[in-house]
Structure formats: structure tokens, C-alpha cells
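Take a look at the letters that make up each chain.
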Amino acid sequence: MQKELAIEGENMTWLGLDFFARRTDVVAKELLGKYLVYHHAQGDIVALIAETEAYMGEDDAACHSAVGKTKRNSVMFGEAGRSYLYRIYGVHTCYNITTNEDDVAAAVLIRGMLPVTGISLLSDNRPGVVPERLLQGPGNICKAMGWDLSFNGLSVYAKDSRIRLFAAGNGPTDAEIVQTTRVGISKEKEALLRFYLQDNPGVSKK
């Protein structure tokens, strides 16, 4: 990892492949408090990650890879640190980041973020929504960012990627993180694989 970005006075440390190529639940928890930077054509959008869910691989019945490799989920079967996007109900697009070793088809769903910069760009896609709610919920994230399925497979660790992840400071303590069950699934409902920052307004569901 190396320092290469400064936002509002904070030095941001770029997250490389080694961060994502670990156990999915570990990555999901440690993504909290990290910054996602989207290099939009009209300026950078920066958001603090406030809520995630871990989908652990083919042995996790709620994970897309549990049915085996398909055209839809093929990105999960590749390397870590790739954007995995899919549509639900034919309406909403959800954003995930692949994790773990190459032979484990797992990913972290980004459920909620808090905008830091680029709020006007986000508001263009979700007019009338207050800033702290622009990126609440996985469908709203992609809508506000303007992400579609063309972003599927995009690296989040390559130096020239349009989406990258950064750390700043020491990050949240365990006392500031809530671990609970995932939202809106019918299988593996009791698994404690959802993580969020306590009292952060970017969280979609408490």
C-alpha cells in the first residue's frame, strides 16, 4: 500500500490487492471506515463506507456462487479486488467487491456509504434527497453514482481504475462496529455477516 491521495487534509492510503485477497468477513468488517473514490468524468466522488455484508462463497447458500459459475456471477470466480455488479428485481443494481483467494467465489456487498465530496454529482441522479441519504442502500448507491453493469469486473486496486479504495487514520474500533444478520435474504438468515458503523447516517437499516 502507498500514500497517494489527500482529501480535505487527510492523507489517504491506497488499498492494494493484498487487502481484498483475504477472508470475506474480515474484509467486510475492515472496509468500514474506508473511503471509496470514484473518478467521475466531472470530478472525484468520495464516500465513507458505513455498511457491508459478507457473502462467503459456494458453501454460503445466500451467496450467488452457491449455484455454481454462471454468466451473471462469473466475476466472483476470478481474482479478488474486482467490482461485481448485478441487478435485482430487474430494477436495482447492486455493487460488490470480490474477495478471498482465486478459488473462493466470494464478495462483499456495499450496503451503505456517507458522501464526503461530489455531493452535487450524486444529487443529479437522486434529486431532492438529503446528502446523508444519497448512498443509503445498495440500489441507491449505484443509482446515485451512475453505475451500471458496464462496471462489472472493474479492478478496484489498479492504479488507473475509476473506482479505488483508501484508508485514513486508525479506522473504527470494535466498539463502534455492529455485527448482525444480513438483510433481505431467505437462506442463511442467522449468519452474522452484516457489519455497520454505529450511529453513522450512511447506514441503510439499523
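That block above? That's the structure.
Within every chain, residues take consecutive numbers counted from 1 along the sequence as written. Totals for whole chains, interfaces and linings use all residues, but because this is a predicted model, local features are given only for residues with pLDDT of at least 70 and pairs of side-chain atoms are given and counted only at 80 or more. Values reported for side chains reflect all heavy atoms of the structure, with hydrogen atoms and water molecules removed beforehand.

(A) Representation of the pairing of strand β4 (residues 43-55) within the structure. Within β4, eleven of the 13 residues are buried, which leaves it mostly tucked inside the rest of the structure. Here, a strand pair is defined by DSSP locating no fewer than two bridges between the strands. We count a stretch as a helix when DSSP gives it H or I for four or more residues in a row; a strand needs E for two or more, and each element gets its number in order from the N terminus. Across six bridges, strand β3 (residues 35-40) lies against β4 in antiparallel orientation. Across the sheet, the residue bridging to Y35 is L48, located in β4. Adjacent in sequence and paired antiparallel, β3 and β4 are bridged by two residues. When a residue's accessible area, from a 1.4 Å probe over protein chains only, is under 20% of the maximum for its type it is buried; when over 50% it is exposed; and in between it is partly exposed.

(B) How the structure looks around the pattern of salt bridges. A carboxyl oxygen of Asp or Glu within 4 Å of a side-chain nitrogen of Lys or Arg is what we treat as a salt bridge. In the structure shown here, the tally under the stated rule is eight salt bridges. Among the salt bridges present, the one from R194 reaches E51, with a minimum N-O distance of 2.9 Å. With a gap of 143 residues between them, R194 in strand β10 (residues 194-197) and E51 in strand β4 connect regions that are remote in the sequence. Residue R194 shares its accessibility class with E51, and that shared class is buried. Here R111 makes a salt bridge to E53, at a shortest N to O gap of 4.0 Å. You can see R111 sitting in strand β7 (residues 106-117) and its partner E53 sitting in strand β4, a full 58 residues away along the chain. Several salt bridges share partner residues, and in doing so they unite E51, E53, R111 and R194 into one network.

(C) Quick peek at the nonpolar core. By convention a nonpolar core is built from buried Ala, Val, Leu, Ile, Met, Phe, Trp, Tyr and Cys residues, the set being connected through side-chain atoms within 4.5 Å. Core analysis: the biggest nonpolar cluster contains 52 residues, and F20, Y95, M145 and W147 have the highest contact counts within it. With seven residues, the single largest contributor to this core is β4. Excluding residues within four positions of it along the chain, W147 makes contact with L36, Y38, L85, T93, Y95, I141, C142 and I163. Counting residues in hydrophobic clusters, the runner-up holds eleven residues, among them Y55, A62, V75 and Y84. Residues are treated as being in contact if the distance between any of their heavy atoms lies within 4.5 Å.

(D) The side chain of R111, seen in detail. Its relative accessible area of 9% is what places R111 among the buried residues. Within the local environment of R111, its side chain forms a polar contact with the side chain of E51, the two groups lying 2.9 Å apart. Residues within four places of R111 in sequence aside, it is in contact with E51, T52, E53, L135, Q136, G137, P138, I141, V183, R194 and S204. In the analysis that follows, any N or O atom pair within 3.5 Å is treated as a polar contact, provided that within protein one partner can donate a hydrogen and the other can accept it, and provided that, for residues neighboring in sequence, both atoms belong to side chains.

(E) Here's a closer look at the pairing of strand β6 (residues 92-99). By the criterion of burial, β6 is predominantly enclosed, with seven of the eight residues buried. Bridge count between strand β5 (residues 83-88) and β6: six bridges; the pairing is antiparallel. Note on β6: the bridge partner recorded for R87 is T93. The hairpin formed by β5 and β6 contains three residues between the paired strands, and Y89 there has a positive phi angle of roughly 55°. With four bridges connecting them, β6 and β7 associate as antiparallel partners. Residue pairing in the sheet places I97 in a bridge with V108 of β7. Hairpin connection of β6 to β7: six residues between the antiparallel strands, including N100 at a positive phi of 70°.

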